[in-house]
Amino acid sequence: MLHAVCGAELTAQGKVVYAAVLYICYGMLLTALEIPYNAVLPTMTRNEMEKNDAIAISTFIASIAILIVSSFTTNLVAVFGGDDPAKGYFILVLIGAVLMVITNWIAFAKCKEKYTVDIVKESPFKGLGSLMKIKEVYPMLAFWCLGCVLFQIIMASSVYYCMYYLMNPALLSTYMLVISISGMVGVMVLMPIILRKVQGSMKKAVTYTQSICVVCYLILFFVGGSSIPLLYILTFIACTFSTMTNAFRSMTVVGFTDYVLLEKGRQMNGTISAIGGFSYKCGTAISNAILSFVLAATGYVANAIGGQTDAFMLGINSVRFLVPLVATVLYIVCIQFYPEERMRELQMQRTQQEQE
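Read on for an overview of the structure. Starting from 1, residues in each chain are numbered consecutively following that chain's sequence as written. Totals for whole chains, interfaces and linings use all residues, but because this is a predicted model, local features are given only for residues with pLDDT of at least 70 and pairs of side-chain atoms are given and counted only at 80 or more. No hydrogens and no water enter the side-chain calculation; it runs on all heavy atoms of the structure.

**Quick notes on the overall build of the protein chain**
Moving on, step 1. Under the scheme used here, helices are H or I runs from DSSP no shorter than 4 residues and strands are E runs no shorter than 2 residues, and both carry numbers assigned from the N terminus. Of regular secondary structure, the protein chain possesses 13 helices and zero strands.
Moving on, step 2. C-alpha atoms define the radius of gyration, and 2.2 Å times the number of residues to the power 0.38 defines the globule rule. Scaling as 2.2 N^0.38, a compact globule of 356 residues should have a C-alpha radius of gyration of about 21 Å, and the protein chain matches this with 22 Å.
Moving on, step 3. Taking the principal axes of its C-alpha atoms as reference, the protein chain extends roughly 70 × 50 × 35 Å.
Moving on, step 4. Partitioning the contacts of the protein chain with sequence separation of at least 6, the portion at a separation of at least 24 is 79%.
Moving on, step 5. Only carbon and sulfur atoms are counted for the fraction: they give 69% of the accessible area of the protein chain, which is about 18,700 Å².
Moving on, step 6. One way to put it: in the protein chain the 23 positive side-chain charges average out to a point 3 Å from where the 19 negative ones average out. Contacts are assigned to residue pairs with any non-hydrogen atoms lying within 4.5 Å of each other. Here the accessible surface of atoms and residues is derived via Shrake-Rupley with a 1.4 Å probe, and residues count as covered only by protein chains that are part of the display. The charged-residue count follows a simple rule in which Lys and Arg add positive charge and Asp and Glu add negative charge, with His and chain termini not counted at all. To locate a charge, take NZ of a lysine, CZ of an arginine, CG of an aspartate or CD of a glutamate.

**Re the side chain of Thr209**
Moving on, step 1. Mapped onto the secondary structure, Thr209 falls in helix H8 (residues 202-223).
Moving on, step 2. Here Thr209 falls in the buried class, since its relative accessible area comes to 2%.
Moving on, step 3. A polar contact is formed between the side chain of Thr209 and the backbone oxygen of Ala205, at a distance of 2.7 Å.
Moving on, step 4. If we ignore the near neighbours within four places in the chain, the residues touching Thr209 are Ile194, Phe241, Met244 and Phe248. For every residue, the accessible area obtained with a 1.4 Å probe (protein chains only) is divided by the maximum for its type, and the residue is called buried under 20%, exposed over 50%, and partly exposed between those limits. In protein, a polar contact requires one atom able to donate a hydrogen and another able to accept it; more generally it is a pair of N or O atoms within 3.5 Å, and residues adjacent in sequence count only if both atoms are side-chain atoms.

**Here's the deal with the packing of aromatic side chains**
Moving on, step 1. Each Phe, Tyr or Trp ring (for Trp, its six-membered ring) is paired with any other whose centre lies within 6.5 Å, and the angle between the two planes then decides the class: stacked below 30 degrees, edge-to-face above 60, tilted in between. In the structure shown here, the tally under the stated rule is 13 aromatic pairs.
Moving on, step 2. A centroid spacing of 5.6 Å and a plane angle of 80 degrees characterise the contact between Tyr160 and Tyr300, whose relative ring orientation is edge-to-face. Taken together, the residues span a long stretch of sequence, with Tyr160 in helix H6 (residues 137-165) and Tyr300 in the loop between helix H11 (269-297) and helix H12 (310-335) at a distance of 140 residues.
Moving on, step 3. Classification of Tyr160 as partly exposed rests on a relative accessible area of 22%.
Moving on, step 4. Pairwise contacts between aromatic rings join Tyr161, Tyr165, Tyr175, Tyr232 and Phe321 into one cluster.
Moving on, step 5. The aromatic ring of Tyr280 is capped on one face by Arg249, whose charged end is 4.2 Å from the ring centroid. Lysine NZ or arginine CZ positioned within 6 Å of the ring centre and within 35 degrees of the ring normal marks a charge as sitting over the ring.

**So, a nonpolar patch on the surface**
Moving on, step 1. Patch membership requires more than 30% relative accessible area and the absence of a salt bridge. Residues of like charge join within 9 Å; the nonpolar side chains Val, Leu, Ile, Met, Phe, Trp and Tyr join within 5 Å. The salt bridge criterion pairs a side-chain nitrogen of Lys or Arg with a carboxyl oxygen of Asp or Glu, the two atoms within 4 Å. A grouping of Phe90, Leu94, Val98, Ile102, Trp105 and Ile106 is seen on the molecular surface, where their side chains present a nonpolar patch of about 610 Å² in accessible area.
Moving on, step 2. With respect to the element layout, Trp105 can be found in helix H4 (residues 85-110).
Moving on, step 3. When its relative accessible area of 62% is taken as the criterion, Trp105 is described as exposed.

In structure tokens:
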């Protein structure tokens, strides 16, 4: 594929530069799509449960995409490319790109803004400065970042965990399938029930669901490698609730947007969506940095199944379970600063004013 694009075979350094430039461009373009996507929902409805249901559905659809990518990519590459993996990957990515363009065009064409206020014309930096004066924004930035750490560290470390800690690469597809299916069950089945039971309280929903994850991670750290059935069962339970963090991030971004509008009288959807996305990307960077540091510090040897050091074995087990455990505890702490009580007071005041 590189040869077809560039006309010549690139050196190893050239391939790194090529991949880095494309990855950065992809990230920037994806951010340009995500900001309006996350910003439009607060203007479409004022009903909190309708917003949560819309986010739950979108998270479920994203989980299906993750399931396909994590469990069936190699199969699809073989189908599309035959004996030529490069051709298979190219066709698969091309199909994904076409679907992305079509679905995003439909979303932005059909989503209508119903509840807007007059825009205050000011520089982006001034608007960001005004937002950063709101004290609740700081724990929420940490909350959004930690939510990404929780998801990304699980997905990234699972490959190394199956290959080198369990010493069974054949388990990877099944293990990732367990993670993906459990996440879909959690988001579409359990989360709507839980949110209604706690009357939409993010504090209660996050605290209850993620506390279960903490218990599962602690057990799995000590006994996860001793029994594959137990590993699958506890992983299914943990991921049923941990995948909810993807939806909780979007729900709290939307909720915080409403809070700023009600408290400050300013509609800062785009700005809040942008810093929420920035926090998420910081979480991705932190996750990759943690995994890379542990691999380097513990003497990881690529492809040496059964030949890794004891330090590596402890390290990858810790990255897979102890890092999510600690991040989950911090995640629960951060949500306690979410201003949902004040939000409900302001919403009641707005409702009374509209009725008058």
